[in-house]
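# Structural characterization, general
Letter by letter, the chains look like this.
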Amino acid sequence: MGKKSKEIALAGMLTALAVVILFLGSLVELLDLSAAAMAALVVMVALIELGKGKAFAVYLASSLLAVLLFPKTASVVFAAFLGYYPVLKVYLDKLRPKVLQYMAKLVLFNVFLALILWITEGLLGLSSDWGSLGKALFLLGNMAFILYDFAIGRLAVFYIVKIKNRIRKR
């Protein structure tokens, strides 16, 4: 089996894995955001193993399949933000100084969060009185995003150092 065939097979398996994770997140609503974040880790593995282009293809394919098959919170959050974030993180992590890097990440996240709130409020007509709850949502969301950004970076290093070579040996 050639290198190209192996890469295509791996991309297909990673896409299927992301879709299965998102399916599980759609079954148990308590796991919806966790499932979206875990499926993004699959994209991170695709990024490390296959490069940016194929990782983005894994994101696109798994997003389309998940949103079409089970359009729940996990699939939508993955498709709208978390799914492509590992690929985008590669570019954002190159920004200097570090303050600019974190500002760009937080602006991106807050635009995403504001868009989600606008969609739920404006288009879907759900709760229009966010008040202090909206402020708390932004504050907690930003704290969770900072933690997520740090965790996905550490997990990428862990994967490269501890797992990647073990998989390659087999």
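Structure: above.
Quick look at the structure, then. In this text the structure is predicted, and so the values were computed from the model without any measurement.

### A word on the overall build of the protein chain
The secondary structure content of the protein chain amounts to 7 helices and 0 strands. Starting at the N terminus and walking to the C terminus, you meet the elements of the protein chain as α-α-α-α-α-α-α. Each of the 170 residues in the protein chain was classed as buried or not, and the buried ones make up 36%. Long-range contacts, defined here as pairs at least 24 residues apart, represent 69% of the contacts in the protein chain between residues at least 6 apart. Carbon together with sulfur atoms contributes 74% to the accessible area of the protein chain, which is approximately 10400 Å² in total.

### Focus: the packing of aromatic side chains
Enumeration over the complete set of coordinates arrives at 13 aromatic pairs. Both rings, one in Phe 109 and one in Phe 145, keep their centres 4.7 Å apart while their planes meet at 10°; by these two values the pair is stacked. Note that Phe 109 is positioned in helix 6 (residues 98–123) and Phe 145 in helix 7 (residues 131–169), a separation of 36 residues in sequence. Ring-pair connections join several aromatic residues into one group, and the members of that group are Phe 56, Tyr 59, Phe 78, Phe 81, Tyr 84, Tyr 85, Phe 109, Phe 112, Phe 145 and Tyr 148.

### Observations concerning helix 1 (residues 3–27)
Here helix 1 spans 36 Å end to end across 25 residues, near enough to the 36 Å set by a 1.5 Å rise per residue. Listed as buried for helix 1 are Glu 7, Ala 11, Leu 14, Thr 15, Ala 18, Val 19, Ile 21, Leu 22, Gly 25 and Ser 26.

### Considering the packing of helix 3 (residues 52–69) against helix 4 (residues 73–82)
The geometry of a pair of packed helices is captured by two quantities: the angle between their axes and the separation between those axes. Packing of helix 3 against helix 4 leaves a shortest axis separation of 9 Å and a crossing angle of 150°. Overall, the two elements helix 3 and helix 4 adopt an arrangement that is roughly antiparallel. Crossing of helix 3 against helix 4: the hand is left-handed. For the pair helix 3 and helix 4, contact is made by Tyr 59, Ser 62, Ser 63, Ala 66 and Val 67 and by Ser 75, Phe 78 and Ala 79, respectively.

### Some points on the environment of Leu 88
Note on placement: Leu 88 falls in helix 5 (residues 85–92). Sequence-wise, Leu 88 and Lys 52 are 36 residues apart; in three dimensions their C-alpha atoms are separated by 9.2 Å.

### Brief notes about helix 3
For an α-helix, the turn length of 3.6 residues means that residues three or four places apart are oriented alike. Compared with an ideal rise of 1.5 Å per residue, which puts 18 residues at 26 Å, helix 3 spans 25 Å between its outermost C-alpha atoms and is within 8% of the ideal. Among all positions of helix 3, only Ala 55, Val 58, Tyr 59, Ser 62, Ser 63 and Ala 66 are buried. Looking straight down helix 3, one finds its buried side chains confined to an arc of 125°; they lie on one side. Facing away from the buried surface of helix 3 by more than 90 degrees, the exposed residues are Gly 53, Leu 64 and Leu 68. Next to the buried residues of helix 3 lie helix 1, helix 2 (32–50), helix 4 and helix 5.

Calculation criteria
- Within every chain, residues take consecutive numbers counted from 1 along the sequence as written.
- The predicted origin of the model limits local features to residues at a pLDDT of at least 70 and limits the giving and counting of side-chain atom pairs to 80 or more, whereas totals for whole chains, interfaces and linings rest on all residues.
- The side-chain figures draw on all heavy atoms in the structure; neither hydrogens nor water molecules are used.
- Numbering of helices and strands runs from the N terminus, with a helix taken as a DSSP run of H or I at least four residues long and a strand as a DSSP run of E at least two residues long.
- For the exposure calls, accessible area comes from a 1.4 Å probe over protein chains only, and a residue counts as buried if that area is under 20% of its type's maximum, exposed if over 50%, partly exposed in between.
- For this analysis, residues touch if any pair of their heavy atoms sits within 4.5 Å.
- In this description, accessible areas are obtained by the Shrake-Rupley approach with a 1.4 Å probe, and a residue is regarded as covered only by the protein chains that are shown.
- Stacked, edge-to-face and tilted are the three classes for Phe, Tyr and Trp ring pairs, Trp counted by its six-membered ring, which pair at centre distances within 6.5 Å; planes under 30 degrees apart are stacked, over 60 edge-to-face, the rest tilted.
- Given the number of residues in a helix, its expected span is that number minus one, multiplied by 1.5 Å.
- The angle between two axes is taken between their N-to-C directions and runs from 0 to 180 degrees, where each axis is a line fitted to C-alpha atoms and a helix contributes only its stretch in contact.
- Each angle receives one of four descriptions, namely roughly parallel if under 35 degrees, roughly antiparallel if over 145, roughly perpendicular if within 65 to 115, and oblique otherwise.
- Crossing handedness follows the turn of the near helix against the far one: under a right angle anticlockwise gives a left-handed crossing, and clockwise gives a right-handed one.
- Along the arc lie the directions from the helix axis toward the C-beta atoms.

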